[in-house]
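Here's the letter readout for the chains.
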Amino acid sequence: MAKTTKTVEEMSIWEDAHQMLRKAERDGIETAWDRLEQQTPHCKFGESGVCCRICTMGPCRISKKAPLGVCGADADVIVARNFGRFLAGGAAGHSDHGRDCIEAFHAVAHGKTKDYHIQDSKKMLRIAEELGIATENRELLDVAKDLADKFFDSFGSKHEEVCFINRVPEKQQENWKNLGIMPRGVDREITEMMHRTHMGCDNDASNTMLQAARMCLGDGWAGSMIATEVSDILFGTPSPRKAQVNLGVLKKDQVNILVHGHNPIVSEKILEAVNEQELIDLAKTKGAKGINLAGLCCTGNELMMRQGIPMAGNHLMTELAIITGAVEIIVVDYQCIMPSLVQVGNCYHTKMITTADKAKFTGAEHVKFEMHNGMEQARKVVRMAIERYGMRNQDRVEIPGEPVDIMTGFSNEALLDALGGSLTPLIDAIKAGKIRGVVGIVGCNNPKYKHDYCNVNLTRELIKKDILVIVTGCVTTAAGKAGLLVPESIEQAGPGLREICGSLGIPPVIHMGSCVDNARILQLAALLANEIGVAISDLPLAASSPEWYSEKAATIGTYAVASGIYTHLGHPPNITGSPIVTNLALSGLDDLVGACFGIEPDPFKAAELINERIKAKRKGLGLEE
Ligand code: SF4
Ligand code: MSK
């Protein structure tokens with residue numbers, strides 16, 4: 001087993017990570033950093049996107065010596081097809097998560113579950129009315145049945161647009177119609193992307209990329225947006241609350257359960273179970289002082305946003321959380337769960353529990369969660385964790401650091417409340433240049449970067465420039481650990497942002513949720529554009545994913561750009577082998593949809609890039625830069 005040659009300080013900016021990486025070394029555990037070194041250097045054909053495995057006349061690799069595949073496809077076609085399929089993976093991930101949410105909602109509406117309920121009926125009725133469903137003098141569950149059907153409709157073979165398209169500013173809708181990228185059914189767009197990229201179909205790179213934009217818009221304005229809205233209806237719309245982050249949230253004298261993945265359907269039931277007195281008493285009979293639940297990645301974000309449950313760590317902290325030796329069980333659903341967690345768990349007493357048939361892991365135990373048995377299964381999992389507490393070797397336990405306080409829970413509804421019920425104070429602050437722009441920093445970790453270095457430094461640089469930052473996904477934990485998610489961090493902001501956030505009592509960095517909750521940022525952008533009477537692409541907005549790794553992150557970036565939001569990425573996707581696709585991403589899209597991608601690995605230079613964009617947009621609106 002080859003270990004990385006990097007020092008722990010080169011691997012991560014965090015002390016809790018350093019401590020666990022040193023423990024990994026002592027305990028003989030391999031981590032993602034070690035495996036990255038084993039995989040380096042990466043295949044250049046794969047990196048630039050010019051390796052095609054779409055048919056068995058190949059695989060074909062494009063080079064100067066062999067510029068065409070066996071079928072005659074060139075680098076542009078191959079890159080476009082590969083990237084289209086890459087984005088399809090991301091769109092499918094978010095959207096299938098959204099479908100699972102609708103299935104839960106459908107089961108509630110039809111009385112097929114006692115375990116899930118409508119928690120925010122006000123929001124449900126508001127959305128039903130928005131989507132043209134009659135609500136007056138009707139039973140709540142009847143409205144819910146129609147709304148679930150309406151949501152399901154957005155997934156299939158629709159001829160017309162997905163259901164939330166009316167949220168998009170008209171100017172933008174016109175633009176999408178003219179370009180032929182108005183998203184129809186979510187599944188339809190994903191299927192069409194797979195079809196187009198079959199051998200012998202869409203052999204025009206730009207045309208393939210337009211379909212990519214349409215498919216990603218379907219994810220943003222339907223798959224993800226529906227996931228967010230239904231989760232709010234079923235589990236409550238988030239409101240500001242306190243929580244804590246880092247590995248210090250684990251407890252040496254309690255049963256520790258980690259929830260990891262994305263969908264709140266499983267984690268919300270686990271939360272209910274850990275609060276049941278009977279199970280707490282059972283834990284005490286085994287010598288534990290109680291049961292401690294903490295989150296990882298986006299499931300952690302969902303629980304933190306709605307319930308204030310602490311967050312143990314982001315993507316690159318997931319192996320390190322187990323290395324504390326203090327985790328009895330890690331319960332997962334899907335997405336971003338490293339298969340290595342099973343092996344790391346085997347080096348301690350940590351068991352992985354899978355819950356979804358679509359995401360089983362060899363070596364894990366499967367406890368299938370369904371709508372009718374969520375609570376029963378959650379109790380079963382918590383009992384298993386309690387039983388495993390006795391297997392813990394306390395001599396091998398090391399929990400680093402003290403947790404850091406954060407403020408979370410900024411749904412758009414909560415943000416509007418903080419603003420006194422209307423967007424006017426935010427728009428006035430933007431016009432006056434006190435808030436010069438708004439940037440969503442989202443996404444992942446990637447061991448190719450020093451863990452969270454870019455996420456934290458970009459956030460700091462932007463707030464210094466009076467730019468309000470919204471975080472979601474794994475950037476949340478980074479910003480939280482850096483002390484940026486508390487109102488006191490206004491001290492690190494520029495004078496204008498400090499004044500506005502100070503008067504509202506909110507941090508200059510606002511946590512808006514998980515990966516699918518980037519749809520909240522889309523909706524906020526649309527609300528601002530509609531209020532001012534411009535397109536989203538006219539606003540001083542940007543997005544960034546400095547340390548991204550996943551297909552989903554690329555899909556989010558693409559729907560942001562296609563929606564008119566300039567998007568910075570720390571590194572390019574595997575497209576650099578195609579001049580057409582690269583030029584389209586870096587500039588061509590600007591002419592088509594009013595936004596494009598920018599690539600910059602250095603967070604300080606990236607802040608400048610983004611700032612220049614914000615200046616240009618402010619100027620375009622006749623505002624001071
Ligand atoms: Fe090669 Fe063309 Fe087949 Fe791709 S589709 S593997 S380029 S022959
Ligand atoms: S979990 S997609 S590592 S943000 Fe949503 Fe984190 Fe990126 Fe997964």
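Residues numbered from 1 in each chain as written. Chains lettered and ligands numbered in written order. Predicted model: local features only at pLDDT ≥ 70, side-chain atom pairs only at ≥ 80, totals over all residues. Heavy atoms only, no water.

The name an unreviewed UniProt entry assigns to the protein is Carbon monoxide dehydrogenase, from the organism Desulfocapsa sulfexigens. Under the Cofactor (unreviewed entry) heading, UniProt states for the protein: "[4Fe-4S] cluster". Regarding the protein, the UniProt comment filed under Catalytic activity (unreviewed entry) reads as follows: "CO + 2 oxidized [2Fe-2S]-[ferredoxin] + H2O = 2 reduced [2Fe-2S]-[ferredoxin] + CO2 + 2 H(+)". (UniProt positions renumbered as here; feature names shortened; annotations may be inferred.)

What follows is about the UniProt feature "binding site: [Ni-4Fe-4S] cluster" (unreviewed entry) in the protein. Annotation from UniProt places "binding site: [Ni-4Fe-4S] cluster" (unreviewed entry) at His262, Cys298, Cys336, Cys444, Cys474 and Cys515. The largest pairwise C-alpha distance within this set of annotated residues, which runs over 254 residues, is 13.2 Å, so the set is compact in three dimensions. You can see Cys336 is positioned in the loop between β7 (329–332) and α15 (340–346). Tracing the sequence through the fold places Cys444 in the loop between β11 (437–441) and α19 (453–464). (Helix = DSSP H or I, 4+ residues; strand = E, 2+ residues; numbered from the N terminus.)

The next thing to look at is the site of ligand 1. Around ligand 1, a shell composed of Cys52, Ile54, Cys55, Met57, Gly58, Cys60, Gly69, Val70, Cys71, Ile78, Arg81 and Met199 is seen. Residues from two domains meet in the shell around ligand 1; each of domain 1 (8–61) and domain 2 (75–235) gives at least three. (Near = heavy atom within 4 Å. Domains from an automatic or database assignment.)

To continue, consider the UniProt feature "binding site: [4Fe-4S] cluster 2" (unreviewed entry) in the protein. In the numbering adopted here, UniProt assigns the feature "binding site: [4Fe-4S] cluster 2" (unreviewed entry) to Cys52, Cys55, Cys60 and Cys71. In terms of the greatest pairwise C-alpha distance, the residues named above, spread along 20 residues, form a tight cluster of at most 10.8 Å across. In this structure, Cys52 sits in strand β1 (residues 51–52). Among all residues touching Cys52, those that are not within four sequence positions of it are Pro59, Cys60, Ile78 and Arg81. Of note, Cys60 is situated in strand β2 (residues 60–61). Apart from residues no more than four positions distant in its own chain, Cys60 is found in contact with Val50, Cys51, Cys52, Gly69 and Val70. (Contact = heavy atoms within 4.5 Å.)

Here we come to the nonpolar core. If you look at soluble globular proteins, the nonpolar side chains tend to sit buried side by side. Counting residues in hydrophobic clusters, the biggest one holds 183 residues, and the most contacted among them are Phe105 and Phe151. Examining the composition of this core, we find that 16 residues originate from one element, helix α10 (residues 205–235), more than from any other. Core analysis: the second largest hydrophobic core is formed by 29 residues, Ile270, Ile309, Ala378 and Tyr389 among them. (Core = buried A, V, L, I, M, F, W, Y, C linked by side-chain atoms within 4.5 Å. Buried < 20%, exposed > 50% of the residue type's maximum accessible area, 1.4 Å probe, protein only.)

This part is about the domain arrangement of the protein. Its domain assignment divides the protein into domain 1 (8–61), domain 2 (75–235), domain 3 (247–396) and domain 4 (406–620). Each of domain 2 and domain 3 was reduced to a C-alpha centroid, and the two centroids are 30 Å apart. In this assembly, 17 residues from domain 2 lie in contact with 19 residues from domain 3. Here domain 2 meets domain 3 over a buried area of about 1,400 Å², counting both sides, of which 51% is carbon and sulfur. The interface formed by domain 2 and domain 3 contains three salt bridges. With a closest N to O distance of 3.1 Å, Lys358 and Asp100 form a salt bridge. If you tally residues by element for the side of domain 2 that touches domain 3, the top one is helix α5 (residues 75–109), at nine residues. Its residues assigned to classes, the side of domain 2 that touches domain 3 shows five nonpolar, six polar and six charged. (Buried area = accessible area lost by both parts, 1.4 Å probe. Salt bridge = Lys/Arg side-chain N within 4 Å of Asp/Glu carboxyl O. Nonpolar A, V, L, I, M, F, W, Y, C, P; charged D, E, K, R; others polar.)

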